Amino acid sequence: MNMNDIIQKLKTPEECVQLAKNVRERNPELAQKARRRAVELRAISYKSTSKVELELLKALYAYEEVLSEKNKRKTSASRTWQMIKRHGLIHAAERAVDRKIEPAGYKLLVEMGMHDLTFEAVIVRYPESFNADVVSRAKERLKELSELKPSRDYEIKTIG
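Everything numeric here is computed off the predicted structure, so don't read it as measured data.

Trainee: Tell me about the side chain of Thr75, and please be specific about residues and values.
Mentor: With respect to the helices and strands, Thr75 occurs in the loop between α4 (51-71) and α5 (78-87). Since its relative accessible area comes to 13%, Thr75 is described here as buried. Polar side-chain contacts of Thr75 include one of 3.1 Å to the side chain of Asn71. In contact with Thr75, not counting residues within four places along its chain, are Glu64, Leu67 and Ser68.

Now the structure itself:
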């Protein structure tokens, strides 16, 4: 059975996370794909109303994966969820990207090879859904990130 078949058979985020933990050391690529599948399944279960919202949810759940890995326990992005509750998903993403300070987890997502699962990346992929100033800021941040090189030690320790 190939790697994609294994991933597609996973039906719950919990199954995905368990597989990632089980294969982390001997197959980091499969572990990373299992984590991505967990993110995808969580985003789908949220019942988004558009493709851009689904992509933003994937970015948010990927960030929670990073937080959980970093904290060695399941961790929610509670401040971001509060912002979503108050302002909606699109406006919460705009606010997160438009802040002057570096959003927590941004660099970690890149280091774990999930650079496509950031609010910034989603905003750049769907510019018509966002304020033009926010799109410009997202492009700036992605340019800054493209200059970062993942640390090999970090990647080996955290993927999966």
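Trainee: Quick rundown of the nonpolar core? Include the residues and the values.
Mentor: If you look at the biggest cluster of nonpolar residues, it comprises 35 residues, and the most contacted ones within it are Val52, Leu56, Phe119, Ile123 and Phe130. Broken down by secondary-structure element, the contributors of at least two residues to this core are α3 (28-45), α4, α5, α6 (89-98), α7 (106-111), α8 (119-125) and α9 (132-146). Ignoring sequence-local partners within four residues, the contact set of Leu56 consists of Leu89, Ile90, Ala93, Phe119, Val122 and Phe130. If you look at the next biggest cluster of nonpolar residues, it comprises twelve residues, including Ile7, Leu10, Leu19 and Ala38.

Trainee: If you had to explain the pattern of salt bridges to someone new, which residues and values would you point to?
Mentor: Here the structure, examined in full by the defined rule, presents eight salt bridges. Here Lys58 ties to Glu55 by a salt bridge, and the two come within 3.4 Å at their closest N and O atoms. Residue Lys58 and its partner Glu55 are both found in helix α4; the two are separated by three residues, about one turn of the helix. Here Lys58 matches Glu55 in class, with each residue buried.

Trainee: Residues and numbers for the side chain of Thr80, please.
Mentor: Mapped onto the secondary structure, Thr80 falls in helix α5. Excluding residues that lie within four positions of it along the chain, Thr80 makes contacts with Leu60, Tyr63 and Phe119.

Trainee: An account of the packing of α6 against α9 is requested, with residue identities and associated values reported.
Mentor: To describe two helices that pack against each other, one gives the angle between their axes and the distance between the axes. Two numbers describe how α6 lies on α9: the axes approach to 9 Å, and their chain directions differ by 50 degrees. With respect to their mutual orientation, α6 and α9 come out oblique. When the axes of α6 and α9 are compared, the crossing they make is left-handed. Contact with α6, carried on its side by Glu94, Val97 and Asp98, involves Val134, Arg137, Ala138 and Arg141 of α9 and no other residues of that element. The residue makeup of the contact of α6 with α9, split by class, is three nonpolar, no polar and four charged.

Trainee: Can you tell me about unusual backbone geometry, naming the residues and giving the values?
Mentor: Of note in this structure, Lys47 is not a glycine but carries a positive phi near 65 degrees. Tracing the sequence through the fold places Lys47 in the loop between α3 and α4. Relative accessible area serves as the criterion here: at 67%, Lys47 is assigned to the exposed category. In this structure, Lys72 is a non-glycine residue whose phi angle is positive, near 60 degrees. By secondary structure assignment, the location of Lys72 is in the loop between α4 and α5. Residue classification places Lys72 among the exposed positions, given a relative accessible area of 67%.

Trainee: So what's going on with α5? Which residues, and what values?
Mentor: Given 3.6 residues per turn, any residue in an α-helix points the same way as the ones three and four places further on. Of all the positions in α5, only Thr80, Met83 and Ile84 are classed as buried. The buried residues of α5 all sit within an arc of 100 degrees when viewed along its axis, so they share a single face. Exposed positions of α5 whose direction lies more than 90 degrees from the buried face are Arg79, Lys85 and Arg86. The elements touched by buried residues of α5 are α4, α6 and α8. Positive phi shows up at Gly88, right after α5, with a value of about 90 degrees.

Scoring rules and cut-offs
- Note on numbering: residues in each chain are counted from 1, in written sequence order.
- A pLDDT threshold of at least 70 governs which residues receive local features in this predicted model, and a stricter bar of 80 or more applies before side-chain atom pairs are shown or counted, although totals over entire chains, interfaces and linings include all residues.
- The basis for the side-chain values is all heavy atoms of the structure; hydrogens and waters are excluded.
- The way it works is that DSSP assigns letters per residue, a run of H or I at least four long becomes a helix, a run of E at least two long becomes a strand, and they are numbered from the N terminus.
- Buried means the residue's accessible area, taken with a 1.4 Å probe over protein chains only, is under 20% of the maximum for its type, while exposed means over 50%, and partly exposed covers the values in between.
- Each polar contact in these results corresponds to two N or O atoms within 3.5 Å; when the atoms are within protein, one needs to be able to donate a hydrogen and the other to accept it, and residues that are neighboring in sequence are counted only if both atoms are side-chain atoms.
- Two residues qualify as a contact provided that any one of their heavy atoms is within 4.5 Å of a heavy atom in the partner residue.
- Nonpolar core, defined: a set of buried Ala, Val, Leu, Ile, Met, Phe, Trp, Tyr and Cys residues in which side-chain atoms within 4.5 Å join the residues together.
- Counted as salt bridges are all cases of a side-chain nitrogen of Lys or Arg within 4 Å of a carboxyl oxygen of Asp or Glu.
- Each axis is a line fitted through C-alpha atoms, and for a helix only the stretch in contact is used; angles between axes span 0 to 180 degrees, taken between their N-to-C directions.
- Reported orientations rely on four angle classes, namely roughly parallel under 35 degrees, roughly antiparallel over 145, roughly perpendicular from 65 to 115, and oblique for the rest.
- Crossing handedness is defined as follows: a turn of the near helix away from the far one that is anticlockwise and smaller than a right angle gives a left-handed crossing, while the clockwise case is right-handed.
- Here the term charged refers only to Asp, Glu, Lys and Arg, the term nonpolar to Ala, Val, Leu, Ile, Met, Phe, Trp, Tyr, Cys and Pro, and the term polar to all other amino acids, Gly among them.
- Think of the arc as the fan of directions from the helix axis to the C-beta atoms.

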